[in-house]
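Okay, here's what each chain looks like letter by letter:
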Amino acid sequence: MFELLKTDSHTRARLGKLSTAHGVVDTPVFMPVGTQGSVKTLDPRELRELGAQIILGNSYHLSIRPGLDILRAAGGLHRFMNWEKPILTDSGGYQVFSLAKIRKIKPHGVEFNSHVDGAPLFLGPKEAMEIQRVLGSDIAMVFDECPPHDAPAREQRHAVERTIRWARECREQPRAEGQQVFGIVQGGSNAALREECAKALVAMDFDGYAIGGVSVGEPEPEMFKAIEMTEPFLPANKARYAMGLGTPAQLLELIARGVDMFDCVLPTRVARNGTAITRRGAFGLKGGAYKADFRSIEEGCDCFACKNFTRAYLRHLLNVNEILALRMLSVHNVHLFLKLMADVRAAIAAGTFAGFYREFIANYVPSQKVLSARQAEIER
Ligand SMILES: [Zn+2]
């Protein structure tokens, strides 16, 4: 199902093709996130035009609203949202452990209260796989336990043990037709736990492997280390997916470390705060500096927003709360991520990725948060 076409000779970057029930995905790939069955502010036609090959849906949110009965009656998520290309669904593990009020972790899942109305709910491997079967996603994720990055060692160990046991349970559940299932490696920043978890999952022969427990509040250097601790134990002939990441520069760093798939709410989330992401870093368009700036969001960008509107106009729309500004920033930001991945694939194919990667990182101004984390690492 995953075909490794080429491995870069200077970095660990890989070029691949992932075949799914709803089409082929070229990797490295960025997957826009449609948590509630919609990539916020964008419709399927726009996503197609932006070149989205695969999008994400979320089991936890969709099972609460609209609920499985409606999704079943609609004939699954593809038909419900009118998206004919591949969909990957998150199992809900991350949301249960981050959003919900947990009452009890039991051998076969978690008792918790809905973040919407407080209703008591239960989600475990069996339930998560049933939801994803009804959604009919092309790629389903196993139900895992994702502890916060600063969880004590004992908690990380228990999370890995449960993640392995639950992965085995997920593996045995019935699937939608043609549905692939990916395992998720946990283990925090503990190398031995990462290795143990990866080896146990690889022995179960999943269709692909995700590196979970990253982007859970840890500083950037720790995140890179967690990826480096895990990647060597993943088989070359299966896709690798880093969950919930990241900035354009982080994506390049992770591709150079052998990761193929990414998803992140960043491009659409920051768009709704008035932030544009460019190949040289992000900037807030609301600032007075752009009041009479009649250039496009990013010079040289060929997205619909940059071809048609100026910074001055979009800044004005942001300041008077017009929805068009949020839509156009989402168009630009998602375009940036998708076009960057297309450029990366072309560079790997041409054997020029190492230079492309070095130049991109040199030109990209990271956020203040990333810079302070780097400084803290140097001082340690
Ligand atoms: Zn643009």
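Quick caveat: nothing in here was measured; it's all calculated off a predicted structure.

Enquirer: When you look at the overall build of the chain in this model, what are you seeing that I'm missing?
Expert: For the chain, the helix and strand inventory stands at 15 helices and 16 strands. Relative to its length of 380 residues, the chain is compact, with a C-alpha radius of gyration of 20 Å against a globular reference of 21 Å. Dimensions along the principal axes, computed over C-alpha positions, put the chain at roughly 60 × 50 × 40 Å. Looking at the chain residue by residue over its 380 residues, the buried ones come to 55%. Within the chain, contacts between residues at least 6 apart in sequence are counted, and of these 67% link residues at least 24 apart. As presented, the chain carries roughly 16,100 Å² of accessible surface, and 51% of it is formed by carbon and sulfur atoms. Across the chain, the centroid of the 47 positively charged side chains sits 2 Å from that of the 43 negatively charged ones.

Enquirer: Teacher, can you tell me more about the coordination of the zinc ion here?
Expert: Six octahedral donors around a metal ideally make angles of 90 or 180 degrees; four tetrahedral donors ideally make 109.5 degrees. Distances from the zinc ion to its protein donors, Cys 301 (SG), Cys 303 (SG), Cys 306 (SG) and His 332 (ND1), fall at 2.1 to 2.3 Å. In this structure, the zinc ion is surrounded by four donor atoms whose angles at the metal cover 101 to 118°, and the resulting shape is tetrahedral. Each donor residue of the zinc ion lies on the same chain, and together they follow the pattern C-x1-C-x2-C-x25-H. A residue pair is termed long-range when its members are at least 10 positions apart, and Cys 303 in the loop between strand S16 (281-284) and helix H11 (304-308) and His 332 in helix H13 (residues 323-350) qualify at 29 residues. Take Cys 303: its relative accessible area is 3%, and that puts it in the buried class.

Enquirer: Explain the sheet that holds strand S2 (residues 14-20) here, please?
Expert: In a beta sheet, neighbouring strands pair by backbone hydrogen bonds and run either parallel or antiparallel. Reading across from one edge, S1-S2-S3 is the order of the three strands in this open sheet, with antiparallel pairing throughout. Edge positions in the sheet fall to strand S1 (2-7) and strand S3 (23-27), since each has one partner strand and no second. Here the average twist between neighbouring strands, direction ignored, is 15°. As paired strands, S1 and S2 are joined by five bridges and run antiparallel to one another. Its bridge partner being in S2, Leu 4 is matched across the sheet by Gly 16.

Enquirer: Would you mind showing me how to read helix H8 (residues 220-230) here?
Expert: Within an α-helix, residues lying three or four positions from one another point in the same direction, as the helix has 3.6 residues per turn. Burial analysis of H8 places eight of its eleven residues in the buried class, which makes it a mostly covered element. Among all positions in H8, only Glu 220, Pro 221, Met 223, Phe 224, Ala 226, Ile 227, Met 229 and Thr 230 are buried.

Enquirer: Whenever I open this one, the packing of helix H6 (residues 153-172) against helix H7 (residues 191-203) confuses me. Can you help?
Expert: Look at H6 against H7: their axes get within 10 Å of each other, and the N-to-C directions meet at 5°. Our classification of the angle between H6 and H7 gives roughly parallel. Counting all contacts with H6, which are made through Gln 156, Arg 157, Val 160, Thr 163, Ile 164 and Ala 167, the residues of H7 involved are Leu 193, Glu 196, Cys 197, Ala 200 and Leu 201. Broken down by class, the residue content of the contact of H6 with H7 amounts to seven nonpolar, two polar and two charged.

Enquirer: Sorry if this is basic, but what is going on with the sheet that holds strand S7 (residues 101-106) here?
Expert: Here three strands make up an open sheet; going across it, the order is S7-S8-S9 and the pairing antiparallel. A strand with exactly one partner marks an edge of an open sheet, and here the two such strands are S7 and strand S9 (120-123). Recorded for the sheet is a direction-independent mean angle of 20° between the axes of neighbouring strands. Strand direction decides the pairing type here: strand S8 (residues 109-113) and S9, joined by four bridges, are antiparallel. In the strand pairing of S9, Phe 112 is matched with Leu 121.

Enquirer: Explain the nonpolar core here, please?
Expert: The nonpolar side chains of soluble globular proteins are, as a tendency, buried together. Counting residues in hydrophobic clusters, the biggest one holds 113 residues, and the most contacted among them are Leu 88, Met 141, Tyr 241, Leu 254, Met 261, Phe 262 and Phe 353. The dominant element in this core, judged by the number of residues it contributes, is H13, at 13 residues. With residues up to four places along the chain from it excluded, the contact list for Leu 88 reads Met 31, Ile 54, Ile 55, Leu 56, Gly 57, Ser 137, Ile 139, Met 141, Tyr 241 and Met 261.

Enquirer: Is there a simple way to explain the pairing of S7 in this structure?
Expert: The side chains of a regular strand alternate between both faces of the sheet. Relative to S8, S7 is paired through five bridges, and the arrangement is antiparallel. Paired with Ile 105 across the strands is Val 110, a residue of S8. Between S7 and S8, which pair antiparallel in sequence order, lie two residues.

Calculation notes
- Position numbers for residues start from 1 in each chain and track the written sequence from start to end.
- With pLDDT at 70 or above as the cut-off, local features in this predicted model cover only qualifying residues; side-chain atom pairs require 80 or more to be listed or tallied, and sums for whole chains, interfaces and linings still use all residues.
- The basis for every side-chain value is the complete set of heavy atoms in the structure, and neither hydrogens nor water enter the calculation.
- A run of DSSP states H or I qualifies as a helix once it reaches four residues; a run of E qualifies as a strand once it reaches two. Both are numbered from the N-terminal end.
- A radius of gyration in this sense is built from C-alpha atoms; the matching globule rule multiplies 2.2 Å by the number of residues raised to 0.38.
- Here the term buried applies to any residue with accessible area under 20% of the maximum for its type, exposed to any over 50%, and partly exposed to those in between, with areas from a 1.4 Å probe on protein chains only.
- By definition in these notes, contact holds between two residues if any of their heavy atoms fall within 4.5 Å.
- For every accessible area listed, the method is Shrake-Rupley and the probe measures 1.4 Å; residues are considered covered only by the protein chains on display.
- Charge assignment in this entry is limited to Lys and Arg as positive and Asp and Glu as negative, and neither His nor the chain termini are counted.
- For charged residues, the charge sits on one atom: NZ in Lys, CZ in Arg, CG in Asp, CD in Glu.
- Note that water is not among the atoms considered, so a metal site may appear incomplete; the donors listed are N, O and S atoms within 2.8 Å of the metal, with 3.2 Å applied to Na, K and Ca.
- Every geometry call rests on angle ranges, with four donors termed tetrahedral when all angles are between 85 and 135 degrees, four termed square planar and six termed octahedral when opposite donors are over 155 degrees apart and all others are between 65 and 115, and everything else termed irregular.
- For two strands to pair, DSSP has to find at least two bridges joining them.
- Lines fitted to C-alpha atoms define the axes, with helix axes restricted to the stretch in contact, and inter-axis angles between N-to-C directions lie between 0 and 180 degrees.
- By the definition adopted for this analysis, an angle is roughly parallel if under 35 degrees, roughly antiparallel if over 145, roughly perpendicular if from 65 to 115, and oblique otherwise.
- The classification used treats Ala, Val, Leu, Ile, Met, Phe, Trp, Tyr, Cys and Pro as nonpolar, Asp, Glu, Lys and Arg as charged, and all other residues, Gly among them, as polar.
- As used here, the term nonpolar core means buried Ala, Val, Leu, Ile, Met, Phe, Trp, Tyr and Cys residues forming a set that is joined through side-chain atoms within 4.5 Å.

Don't take any of this as a statement about function, it's just geometry.
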